[in-house]
Amino acid sequence: MTDEHPALSLRGLAKRFDGKVAVAGVDLDVPAGSFYGLLGPNGAGKTTTLSMAVGLLRPDGGQARVLGQDVWVDPVRAKQLLGVMPDGVRLFDRLSGAELLAYHGLLRGMDPAVVDQRTAELLDVLALTDAGRTLVVDYSAGMKKKIGLACALLHGPRLLVLDEPFEAVDPVSAALIRDILARYVASGGTVIFSSHVMEVVERLCSHVAILAEGTIKRVGTIDEVRGKRSLEDVFVEVVGGRTATGEELAWLSN
Amino acid sequence: MAVELTAPAVPARRVSARHFVRLKLRVMGNNFRGQGRRIALFVAGALVGLWLAGTGFVLFATPGFADGGRYAAMVAAFGGGLLVLGWLLLPLVFFGVDETLDPARFALLPLPRRTLVTGLFAAALVSVPAVATLLALFGLVATAGALGGWSAALVQVVGVLAGVLLCVAAARAVTSAFASMLRSRRVRDLAAVLLAVAAALLGPLQLVGISALQETDWDSLTGVSEVVGWTPFGAPWTAGIDVAEGRAWAAPIKLLITALALLALVGWWSRSLESAMVGAASSGGARAKSDPTGGAVSQLFPRAATWARRDQFGALVAREARYWWRDARRRANLITIAVVGIFVPVLVNLGGAGFTTNSGQGFGQGSAEPSAGLVSLSMLFVGVVAAVTLANQFGFDGSAYAAHVVAGVRGQQELRARMTAFSIYVVPMLAVVSIVIAVVLDRPGWIGLTAGGLFASYGAGLAVNSFVSVLGAYALPETSNPFAMNTGAGVAKGFLTMLAMLVTAVAAVPMVVAAALLGDVWHWLALPVGAAYGLGAALLGAYLAGDVLDRRQPELLAAVTPRR
């Protein structure tokens, strides 16, 4: 029934902070079963957009629907379908990894036996079992990302929204996260994640949207967006970056 | 050409304290930008500070113009000494220190430690409390001037300035040292004991104060005040008055005492500052890595709580309960409650009892008649202080609260769970307090009275603070220093705390009235009535505030997320 709806559908989402426009009306449809990359330079409004899409930040205008459920009208139904890993947000990091997962599972109203079993599996797959009773606050950056991902996956959501899942992650952990996400999509889930790392997006994604200055500049399947060029060229052109000529900062060279 | 540019053509300019002061003012100013509420709070705080400063000025200036200055030295020594003590202890117990300029942010800059310390010290002086203290103490200059003319006033100006420096240095040194102690988990028990001892120091002082009030002959205290005048607590304040009273030789010695104390404090601060700057990275500390036992869920729940429900409510309670112990900031609050809860009622009631009998007999021997009204009043105070800890309960979590928003936790459930977890620690504490008070007063029959008053005001406080925590939440900085606060938050915190305590006190006043009016019947009714009143108030508060919370979860999250 819900399969007729896109996994995530945003209409005219807008947000200003202190009179400054952060997001100026974003329309986006994330088809069910897609692996969606949200690209954009720093400060483009990626985090703001995703926060509004999952109910963490109240938009000034617009709609966000998860599989047809409006996030801001019926938050409880929508949030049940969602798994979220925000960026720059602390976890309840004075718990150990297992405690944190158990906490998230019970918060989601899951059966304790199921929580125990899935926690053990997730910790094992993500190579976090060795951490034992170490508190999450003492984890490395990569381990924190992995436990955050585990928290988002635990209740088996239909849609995963990940903000910068590959930021500050070492290559080994990044490969692990990539594999898990690919398996999740292959088994029918939908992923949307933000990033500014072109290689990851090109390797993983079926669809891409490029966000700059608070609006969507390009959107479509990855082949539609990049055409015959590399994604990086398209990105730099869209965002309007500059290239160094060699004249400036002459004092850098001895 | 490029080569020439790499050489530092101009030697780096020296960094002076002025830069730090300007940096602090700029940071404060930027914090206010576009935030009408913050500006209003700051202005209100400044006005309160000014009012207190004016009152203090009058108090300090009066002895110069009355009684021919007989009590000038005594007022200076005791009043000034109390201020130093306040600067020493209050930041630890209540207010925290302003960490607008976090020392850790300067760790990478090539600054000599001396520059850094003087700079941070100068910046610390730019604050409402410091300015208010300075203004109040200028009353002493008026006193010295009235008694001894210009020369005495001039010496007193130097003394007061040095004394205020001493106050600020004391506050910085103590909080900084204490913070780095609390950071390492191993010495947390020692820290708890130290805080208790520090608070216990207030006890003897209060007894001295009370006996001073009882003595009709104030002159007998002159000896004590003279001794205080030769310690760093009184030295800066009495130098000018000594000149006025013809002991000009004492002034330089007292100023020297002040300077030495100041140097020692700054030295101590600068040492702990260094460890704060480099030690911040290893704040976690190693834990014993015993193998986890059982499933994840049974690890989350403490072993003592195997009976707890394994559902959302149970998980919330378990996590909160663990946090009250594992988070240094929260633990510091628990310790404060324990210390205040025991000492304040004991002192108020014993002191009050001694006061009414107007005799020099020993305290706590049951010779005095404790009053039921006063006991209830002090219990009310303890309940209010305990509950007000939750006034910014969401601020403790910071952005981690996002997990609850994403999971869609109902507001009522959230608030009830938080109350329950906090009560797991506080209710036993309050029970102990009520028993201890009844025993110390030698009125074992009053346990019902003390416990009833405590639980009623605690429950009412939980309700009031639910609202405050939902509507007036603010972000705490993400540091491991339990005493750190954001700029402006200091004032905001003070106001919210005052407001919450006032409303709670009003809500619990019926218990005091009943205690005063109903007499013996109340001794038996107080416990059941008080407990029911408190429980009812807390549940009602959770119900109503939960509704508010449901409607403004994202706003609350934004309020407690520190701005970066």
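Under an unreviewed UniProt entry, chain B has the name ABC-2 type transport system permease protein and belongs to Micromonospora avicenniae.

The name an unreviewed UniProt entry assigns to chain A is ABC-2 type transport system ATP-binding protein, from the organism Micromonospora avicenniae. Comment text from UniProt for chain A, heading Subcellular location (unreviewed entry), reads "Cell membrane".

Student: Explanation requested: the pairing of strand 8 (residues 190-195) of chain A in the structure shown.
Tutor: The side chains of a regular strand alternate between both faces of the sheet. All names here are of chain A. Counting buried positions over the six residues of strand 8 gives six, a clear majority of the element. The alternating pattern of strand 8 places Thr 190, Ile 192 and Ser 194 on one face and Val 191, Phe 193 and Ser 195 on the opposite face, and all of these are buried. The pairing of strand 3 (residues 35-39) with strand 8 spans five bridges and is classified as parallel. By the bridge assignment, Leu 38 is partnered in strand 8 with Ser 194. Looking at chain direction, strand 7 (residues 159-163) and strand 8 are connected through five bridges and run parallel. Directly across from Leu 160, in strand 8, lies its bridge partner Val 191. The β-α-β motif built from strand 7, the intervening helix 6 (residues 171-186) and the parallel element strand 8 has right-handed crossover chirality.

Student: Sorry if this is basic, but what is going on with the pairing of strand 10 (residues 215-221) of chain A here?
Tutor: Residues and elements named next belong to chain A. Bridge count between strand 9 (residues 207-212) and strand 10: six bridges; the pairing is antiparallel. Counterpart to Ala 209 in the pairing with strand 10 is Val 219. In this structure, the hairpin formed by strand 9 and strand 10 is closed by a connection of two residues, where Glu 213 is found at a positive phi of approximately 50°.

Student: I'm lost on the interface of chain B and chain A in this one. Help?
Tutor: Much of the literature gives interface size as the accessible area that the parts lose upon coming together. In this assembly, 40 residues from chain B lie in contact with 43 residues from chain A. Where the side of chain B that touches chain A is concerned, the elements lending two or more residues are helix 1 (2-6), helix 11 (296-300), helix 12 (312-326), helix 16 (402-407) and helix 21 (553-560) of chain B. Taken together, the residues of the side of chain B that touches chain A sort by class into 19 nonpolar, eleven polar and ten charged.

Student: Just checking my understanding: could you explain the UniProt feature "domain: ABC transporter" (unreviewed entry) in chain A for this structure?
Tutor: Residues annotated in UniProt with the feature "domain: ABC transporter" (unreviewed entry) correspond here to residues 8-238 of chain A. Split by type, residues 8-238 of chain A is 39% helix and 27% strand. Its first and last C-alpha atoms lie 24 Å apart.

Student: Before we go on, may I ask you to explain the confidence of the model for chain B in this structure?
Tutor: Detailed reading of the predicted coordinates is not advisable wherever pLDDT is low. All names here are of chain B. On average, residues of chain B carry a pLDDT of 79, and 78% of them reach 70 or more. Taken element by element, chain B is modelled with least confidence in helix 1, mean pLDDT 46, and with most confidence in helix 16, mean pLDDT 93. Of the regions scoring below 50 in pLDDT, residues 280-289 engages in 13 contacts with residues more than four places distant in sequence or in other chains. Contacts for the low-pLDDT stretch residues 353-367, under 50 throughout, to residues beyond four places or in other chains number 17 contacts. In the predicted assembly, ipTM is 0.91 and pTM is 0.73.

Student: Got a minute to help me understand unusual backbone geometry in this structure?
Tutor: All names here are of chain A. With a phi angle near 50°, Asp 18 is a residue other than glycine that sits in the positive phi range. Within the fold, Asp 18 resides in the loop between strand 1 (8-17) and strand 2 (20-30). At Ala 127, a position not held by glycine, the phi torsion is positive, near 60°. Within the element layout of this structure, Ala 127 appears in the loop between helix 4 (112-125) and helix 5 (141-153). Residue Ala 127 is classed as partly exposed on the basis of its 13 C-beta neighbours within 10 Å.

Student: Sorry if this is basic, but what is going on with helix 5 (residues 113-125) of chain B here?
Tutor: Residue pairs three or four apart in sequence face the same way in an α-helix, which turns once every 3.6 residues. Spanning 13 residues, helix 5 of chain B covers 18 Å between terminal C-alpha atoms, matching the ideal 18 Å at 1.5 Å per step. For helix 5 of chain B, the complete set of buried residues consists of Leu 116, Val 117, Gly 119, Leu 120, Phe 121, Ala 123 and Ala 124 of chain B.

Student: What should I look at first to understand the packing of helix 17 (residues 411-440) of chain B against helix 20 (residues 520-551) of chain B in this one?
Tutor: The geometry of a pair of packed helices is captured by two quantities: the angle between their axes and the separation between those axes. All names here are of chain B. Between helix 17 and helix 20, the least distance of the axes is 7 Å, while the angle of their chain directions is 135°. In terms of orientation, helix 17 and helix 20 fall into the oblique class. Judged by the sense of rotation from one axis to the other, the crossing of helix 17 with helix 20 is right-handed. Here helix 17 contributes Gly 411, Gln 412, Glu 414, Leu 415, Arg 416 and Met 419 to the contact with helix 20, which in turn contributes Ala 538, Ala 542, Tyr 543, Ala 545, Gly 546, Asp 547, Leu 549 and Asp 550. For the contact of helix 17 with helix 20, a count of residues per class yields seven nonpolar, three polar and four charged.

Student: Sorry, what's going on with helix 1 (residues 46-54) of chain A here?
Tutor: All names here are of chain A. Where burial is concerned, most of helix 1 is hidden: nine out of the nine residues are buried. Among the residues of helix 1, those classed as buried are Lys 46, Thr 47, Thr 48, Thr 49, Leu 50, Ser 51, Met 52, Ala 53 and Val 54. Just downstream of helix 1, Gly 55 is the residue with a positive phi angle, here 95°.

Student: I would appreciate a short explanation of the sheet that holds strand 2 of chain A in the present structure.
Tutor: Strand-to-strand pairing in sheets goes through backbone hydrogen bonds, with the strands running parallel or antiparallel. All names here are of chain A. The sheet built from four strands is open, its strands ordered 2-1-4-5 with antiparallel pairing. Sheet topology places strand 2 and strand 5 (69-70) at the edges, where each strand pairs with a single neighbour. Across five bridges, the pairing between strand 1 and strand 4 (residues 61-66) is antiparallel. Looking at the pairing, Leu 8 lines up with Val 66 of strand 4. Packed on one face of the sheet, helix 1 meets strand 1, strand 2 and strand 4 and runs near 120° to strand 1.

Thresholds applied
Residues numbered from 1 in each chain as written. Chains lettered and ligands numbered in written order. Predicted model: local features only at pLDDT ≥ 70, side-chain atom pairs only at ≥ 80, totals over all residues. UniProt positions renumbered as here; feature names shortened; annotations may be inferred. Buried ≥ 20, exposed ≤ 12 C-beta atoms within 10 Å, placed from the backbone. Helix = DSSP H or I, 4+ residues; strand = E, 2+ residues; numbered from the N terminus. Pairing = 2+ DSSP bridges. Right-handed = clockwise from strand over helix to strand, strands pointing away. Contact = placed C-beta atoms within 7 Å. Nonpolar A, V, L, I, M, F, W, Y, C, P; charged D, E, K, R; others polar. pLDDT = per-residue confidence, 0-100. Expected span 1.5 Å × (residues − 1). Axes fitted to C-alpha atoms, helices over the stretch in contact; angles between N-to-C directions. Parallel < 35°, antiparallel > 145°, perpendicular 65-115°, else oblique. Left-handed = near helix turned anticlockwise from the far one by under 90°.

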